[in-house]
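Tertiary structure, described
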Amino acid sequence: MNKQGIKVLITGDFCPVNRVEDLITEGDYRLIFNDLLPLIKESDIAITNLECPLTRAKVKTKKTGPNLKATVKTTEALIFAGFNLVSLANNHIMDYGELGLYSTIEACAESGIDYVGVGANLHEARKPYYKEINGIRLAIINFCENEWSTTFGVTPGANPINPVVNYYDIKEAKANADHVIVIVHGGHEHYSLPSPRMQETYRFFVDAGASAVVGHHSHCYSGYEIYHDSPIFYSLGNFVFDWNKKRNSPWNTGYALQLEVNLSTINFSLHPYKQGDIQPGVMLLNKNEKEEFGNEISRLNNLIGNKILLQQQFDGLAVRLKSSYNSYLEPFNNWLFGVLRARNLLPSFLTHKKRNVLLNLTRCEAHRDLLIKILNE
C-alpha cells in the first residue's frame, strides 16, 4: 500500500450477547477477537456495526422482532481490539428507546470511540463522519432500512434509507472529501444475495459519488461487484454475534473488509472468519475453509453480475417466503391458524379483491405515503 494512503477496516454486525457478553464481563477480550487483532490494530480507521444499544435501560420499544442490548462495558472490548468508529444506523439501535441510544453515545464518547449514523434528530443523524489522514480526506456516511429505528424529523434515531435524500448527502460529502464510503444496513435476512432493488439502489449511491458501498444486516455474507470502478459489497455477514441456536451455519461465517484508500484509487481485500460457533469469538478461516469461502464468493459474484439470474434467485426467495408473508396479511395470525391454513383446513380471509386493494396501497407511492402516515399514528 502507498505510504500516503489510509487503511480502513469495516466489519459487520457486532452484537456482544450470550457467551460474548460473559467474556466482556470477565475482561477476556482477547478470546473475542483472537487472530483478527493484528488486522484491526494496523488499521487507521477500524469500523464495526454496533448492532444493539449499550444500556442498562429496561423499557423495551414496542416493535416486531427481538429487543437487543448489551453491557456498556462493551466499549472496553472495542478499544482493546483497536476499533475507533462504530456505525449505529441499524434496526436495533432504538430497541430501548431514547435512553438506550443516548447511553450508547455516552459510552462511546467516554471511551473515545466515534460514531456515525444516528442523532438527536434527522439533521444530526445524516451527518457524515470526516477524517483526514496522510493528506487524504475521507467521508463515511451510514444509513439503514426503515424498520423501527429510523428518524424522520425531530425525534432521535438512525439515518434512514431515502435514495433522494441520500443522493444529496453523498454529493455534498463528495464535494468536501476525496472519497466517500457509504455503509448501509439492509437486505433480506438469511439470504445471501441482494434483491434487484438493492442492487439498483447501491449502484445509484456510486453514481451519486460513493467510492465504495458496504452492506450488512442479512446475518450471512454476500458477494460483491465492481460498478464504475467502485466496489459494492452487499453483505459482510455477522462479525461477532453469538446465538445459541446458530452453530455451523451461514450465521457463523463472515468477512472483514480492508480498504486501501489512496488519493485516486481504492483497493480491497477480504478476510473471512468463523464466529459464534464452537468458540464464541471470531477466528480466521484455515486454508481449506478459505478455499471453500472463495468458491462461494465466486458463485455469488457470478449471480450478482447477471441481472436475469439475480432476478430468478429473488423470485425463488419470494416463493419460499410466500406462506409466511401471506400469514402476515391474514386478520388472524397465530400458530393454530397457521397450522390449519397449512393443512388447508381454514380458508384464506384475503379475497382476490382484498389483495388488489393491499397491492395498490403499498405499490402506489401516493397511497403508500398516506398508509405509512396513518399506521404510524
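The following refers to the structure shown. Fair warning: this is a prediction, and the values are worked out from it, not measured in the lab.

Here we look at the overall build of the protein chain
Each helix and strand counted, the protein chain has 13 helices and 16 strands in total. The globule rule puts the C-alpha radius of gyration for 377 residues at 21 Å, and the 21 Å found for the protein chain is close to it. Along the three orthogonal principal directions, the C-alpha set of the protein chain runs to about 65 × 45 × 45 Å. Split into buried and exposed, the 377 residues of the protein chain put 48% on the buried side. Look at the contacts in the protein chain between residues 6 or more apart in sequence, and 70% of them connect residues 24 or more apart. Taken as a whole, the protein chain presents about 18,500 Å² of accessible surface, with 54% of it coming from carbon and sulfur. Taking the average location of the 38 positive side-chain charges in the protein chain and that of its 39 negative ones, the two points are 6 Å from each other.

A closer look at helix α10 (residues 307-329)
Most pronounced at L321, the bend in α10 amounts to some 55 degrees. Measuring from the backbone nitrogen of I308 back to the side-chain oxygen at the start of α10 gives 3.0 Å, which picks out N306 as the cap.

A closer look at the environment of R203
Mapped onto the elements, R203 comes out in helix α8 (residues 196-208). By relative accessible area, which is 18% here, R203 ends up buried. When residues no more than four places from it in sequence are discounted, the contact partners of R203 are E225, Y227, I232, Y234 and K307.

Focus: the pairing of strand β7 (residues 136-144)
Of all 9 residues in β7, 8 are buried, a share of seventy percent or more. For strand β6 (residues 129-133) and β7, the ladder comprises 5 bridges, and the chain directions are antiparallel. The residue of β7 that forms the bridge with I133 is I136. In this antiparallel pair of consecutive strands, β6 and β7, the connection spans 2 residues, and N134 shows a positive phi of 55 degrees. Judged from the 7 bridges that link them, β7 and strand β9 (residues 179-185) form a sheet pairing that is parallel. Bridging from a neighbouring strand, L138 pairs with H179 of β9.

Brief notes about the side chain of H179
Along the polypeptide, H179 turns up in strand β9. You can call H179 buried: its relative accessible area is 5%. Leaving out residues up to four positions away in the same chain, H179 has contacts with I136, R137, L138, A139, K174, S211, V261, N262, L263, S264, T265 and I266.

Looking at the sheet that holds β6
Taken together, the 6 strands give an open sheet; going across it, the order is β6-β7-β9-β10-β12-β11, and neighbouring strands pair in mixed fashion. The open sheet is flanked by β6 and β11 (224-227), the only strands paired with a single partner. Averaged over all adjacent pairs, the angle separating strand axes in this sheet is 20 degrees, with direction ignored. As paired strands, β11 and strand β12 (residues 230-233) are joined by 4 bridges and run antiparallel to one another. When the bridges of β12 are listed, E225 appears paired with I232. Across the sheet, α8 lies against β7, β9, β10 (212-216), β11 and β12, angled at about 40 degrees from β11, the strand it touches most.

Some details on the packing of aromatic side chains
Summed over the entire model, instances satisfying the criterion amount to 22 aromatic pairs. Where F233 meets F268, the ring centres are 5.0 Å apart and the plane angle is 85 degrees; that geometry is what we call edge-to-face. With F233 in strand β12 and F268 in strand β15 (residues 266-275), this pair connects stretches of sequence that are 35 residues apart. A relative accessible area of 0% places F233 in the buried class. Pairing Y255 with F293 gives two aromatic rings, centres 5.7 Å apart and planes at 70 degrees, and the pair type is edge-to-face.

Points about the packing of helix α12 (residues 352-363) against helix α13 (residues 365-376)
For the pair α12 and α13, interaxial distance at closest approach is 5 Å and the crossing angle is 90 degrees. Here α12 lies roughly perpendicular to α13, going by the angle between them. Of α13, the residues touching α12 (which contributes N360, L361, T362 and R363) are E365, H367, R368 and L371. Grouping the constituent residues of the contact of α12 with α13 by class yields 2 nonpolar, 3 polar and 3 charged.

What about the environment of E189?
Within the secondary structure layout, E189 lies in the loop between β9 and α8. For E189, a relative accessible area of 41% gives the class partly exposed. Separated by 12 residues in the primary sequence, E189 and A177 have C-alpha atoms spaced 33 Å apart. Contacts of E189, omitting those with residues within four sequence positions, involve H217, S218 and H219.

A word on unusual backbone geometry
The backbone of H228 sits at a positive phi, close to 50 degrees, despite the residue not being glycine. Structurally, H228 can be placed in the loop between β11 and β12. Note on H228: relative accessible area 55%, which makes it exposed. Phi is positive for D229, which is not a glycine, with a value near 70 degrees. Considering the arrangement of structural elements, one finds D229 in the loop between β11 and β12.

Conventions adopted
- Residues numbered from 1 in each chain as written.
- Predicted model: local features only at pLDDT ≥ 70, side-chain atom pairs only at ≥ 80, totals over all residues.
- Heavy atoms only, no water.
- Helix = DSSP H or I, 4+ residues; strand = E, 2+ residues; numbered from the N terminus.
- Rg over C-alpha atoms; globule rule 2.2 N^0.38 Å.
- Buried < 20%, exposed > 50% of the residue type's maximum accessible area, 1.4 Å probe, protein only.
- Contact = heavy atoms within 4.5 Å.
- Areas by Shrake-Rupley, 256 points an atom, 1.4 Å probe, with all protein chains shown as cover.
- Lys, Arg positive; Asp, Glu negative; His and termini not counted.
- Charge placed at Lys NZ, Arg CZ, Asp CG, Glu CD.
- Bend = angle between axes of the 7 residues up to and from the residue.
- Polar contact = N/O pair within 3.5 Å; in protein donor to acceptor, adjacent residues only side chain to side chain.
- Pairing = 2+ DSSP bridges.
- Axes fitted to C-alpha atoms, helices over the stretch in contact; angles between N-to-C directions.
- Phe/Tyr/Trp six-rings, centres within 6.5 Å; stacked < 30°, edge-to-face > 60°.
- Parallel < 35°, antiparallel > 145°, perpendicular 65-115°, else oblique.
- Nonpolar A, V, L, I, M, F, W, Y, C, P; charged D, E, K, R; others polar.

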